[in-house]
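Here is what each chain is made of, one letter per residue.
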Amino acid sequence: MGYEELVTEAVKARIAGESDRWLRAGLSTERCDRPAAEAAVAEVYRVHGMPAPETVVWMDSPLGGALASWVLRHGWEDRLDGTLLAGAGLPLSVPQAFARQAEERIREQLGRTGAGGGERRLLAGPFQDTSHARDRLVDTLGSPMFDQLDFHWLQDVHGAYELEQEMSSIFDWSTNESLGHIHHRVHRDLLGRVRGPVPERIVQPERDGDVITPPPPPSREQIYFHEEFGGRLDSWSAPRELIRWRCMLAAAGLPESPGLDAVQEALYRCGGWWPLADAVVLTERPVVLRGYEQTPADASGSGSGLISYADGYQPAGT
């Protein structure tokens, strides 16, 4: 059997449905069904052998969510002057009015003293771990067949392999900058708000000398940002890999992965989230996505458009 025989009509339908739902979720401006979102998140924890988070915080934007995730990881002292998040204690540059508004929202949900947990562990990595799916595919197909299947999933979307072509017919996730930049603009804006100086303990890694054209190593600011505010999952940062591995399991005739399925469902239920040990921050979807409504075939690739959230946050450059 060759890898081409794994491409059944049922697999094609699965890919089309997954891609279509991803696109609809990523472009939605509807308010979240919060009970459904919280239940989906609780299921993620459950299938990973953890109790559902006791502390749940909802914020209106990724910027507000970043502030709430920082508070949940570090806590705050019992001060009521409304300046904590706008002061020198936060390693993120935030307008004072926004910081005060965010602080009020967080205090409403956590209480006056906050709910710091002593450096709560980030769970985005474990929740996105696809190594078990890979192991199942290798065990079932054998390494040569898996390598062929994997290669053709990863090659350019204009390649010959039907699975990747079917995906690109729904959404060109390799070249469509107009849609792909929704996540990247938010990420760049949050990274650009890092307040210095970066602690001296953070050292920039050296380039990998074993690679002919190694990518540049992350800057100290990037490392600092991911240490303090990383771990965010949303409809643009994670589902491509999740869809890829879940559909490859289907192509190989293997049972679904409850863990990856649960994470995918949670991503579709909210605008983004920070999973932490015993706590979670969930954010609402944007209220405006102007310029992003076109179909993939009509997209110009210019990356133009406006992203706006209910608390007034707009990523820089939109």
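Provided above is the structure to which this section pertains.
Residues numbered from 1 in each chain as written. Predicted model: local features only at pLDDT ≥ 70, side-chain atom pairs only at ≥ 80, totals over all residues. Heavy atoms only, no water.

Trainee: Can you break down the overall build of the protein chain residue by residue, with the values?
Mentor: Secondary structure summary: the protein chain contains 12 helices and 5 strands in total. Within the span of the protein chain, comprising 318 residues, buried residues form 49% of the whole. Sequence separation of at least 24 residues holds for 74% of the intrachain contacts in the protein chain that already meet a minimum separation of 6. Approximately 14,600 Å² of the protein chain is accessible, and the part contributed by carbon and sulfur atoms is 50%. (Helix = DSSP H or I, 4+ residues; strand = E, 2+ residues; numbered from the N terminus. Buried < 20%, exposed > 50% of the residue type's maximum accessible area, 1.4 Å probe, protein only. Contact = heavy atoms within 4.5 Å. Areas by Shrake-Rupley, 256 points an atom, 1.4 Å probe, with all protein chains shown as cover.)

Trainee: Explain the sheet that holds strand β3 (residues 279-283) residue by residue, including any values.
Mentor: An order of β1-β3-β2 is seen for the 3 strands of this open sheet, with the pairing classed as mixed. The open sheet has two edge strands with one neighbour each: β1 (55-59) and β2 (272-276). Strand-to-strand twist across the sheet, computed as the mean angle between neighbouring axes with direction ignored, equals 10 degrees. Relative to β3, β2 runs antiparallel, the two being bridged by 5 bridges. Bridge assignment links L276 to a residue of β3, and that residue is A279. (Pairing = 2+ DSSP bridges. Axes fitted to C-alpha atoms, helices over the stretch in contact; angles between N-to-C directions.)

Trainee: Before we move on, could you go through the environment of E43 and cite the residues and values that matter?
Mentor: Along the chain, the position of E43 falls in helix α2 (residues 34-47). The exposure class assigned to E43 is partly exposed, which follows from its relative accessible area of 31%. C-alpha separation for the pair E43 and E265, spaced 222 residues apart in sequence, amounts to 9.3 Å.

Trainee: Explain the packing of helix α3 (residues 62-74) against helix α4 (residues 96-110) to me, and be specific about the residues and the numbers.
Mentor: Relative orientation of the contacting elements α3 and α4 amounts to 55 degrees, with a least axis distance of 10 Å. In this view, α3 runs oblique relative to α4, as classed from their interaxial angle. The element α3 and its partner α4 pack so that their crossing is right-handed. Contact with α3, carried on its side by L63, G64, L67, A68, V71 and L72, involves F98, A102, I106 and L110 of α4 and no other residues of that element. (Parallel < 35°, antiparallel > 145°, perpendicular 65-115°, else oblique. Left-handed = near helix turned anticlockwise from the far one by under 90°.)

Trainee: Give a description of α3 that names residues and reports values.
Mentor: Between its first and last C-alpha atoms α3 spans 18 Å; for 13 residues at 1.5 Å apiece the expected length is 18 Å, and the two agree. Across the 13 residues of α3, 12 count as buried, placing the element largely inside the fold. Positive phi shows up at G75, right after α3, with a value of about 75 degrees. (Expected span 1.5 Å × (residues − 1).)

Trainee: Describe in detail empty space enclosed by the protein, supporting the description with residues and values.
Mentor: In this structure the tally under the stated criterion is 2 cavities of 30 Å³ or more. One number sums up the size of the largest cavity: a volume of about 150 Å³. Together, 17 residues line the largest cavity, and G26, W236, G271, P286 and Y309 are the ones closest to its centre. Secondary-structure elements contributing two or more residues to the lining of the largest cavity are α1 (9-26), α9 (177-192) and α12 (258-269). Taken together, the residues of the lining of the largest cavity break down into 9 nonpolar, 5 polar and 3 charged. By volume, the second largest cavity amounts to about 40 Å³. Lining the second largest cavity, in full, are M59, D60, F98, Q101, A102, R105 and D311. Broken down by element, the lining of the second largest cavity gets its largest block of residues, 4 residues, from α4. (1 Å grid on protein atoms, 1.4 Å probe; cavity = no way out; pocket = protein on both sides within 12 Å on 5 of 7 lines; lining within 4 Å. Points joined across faces, edges and corners; volume = space filled by probe spheres on them. Nonpolar A, V, L, I, M, F, W, Y, C, P; charged D, E, K, R; others polar.)

Trainee: Account for the pattern of salt bridges, naming residues and giving values.
Mentor: Evaluation of the coordinates by the stated rule reveals 16 salt bridges. Linking R34 and E284 is a salt bridge whose minimum nitrogen-to-oxygen distance equals 3.0 Å. Of the two residues, R34 sits in helix α2 while E284 sits in the loop between β3 and β4 (288-290), which places them 250 residues apart along the sequence. Judged by its relative accessible area of 2%, E284 is buried. Across the pair E227 and R201 runs a salt bridge whose closest N-O atoms are separated by 2.6 Å. Here the residue E227 occupies a position in helix α10 (residues 220-229), and R201 occupies one in the loop between α9 and α10, the gap between them amounting to 26 residues. (Salt bridge = Lys/Arg side-chain N within 4 Å of Asp/Glu carboxyl O.)

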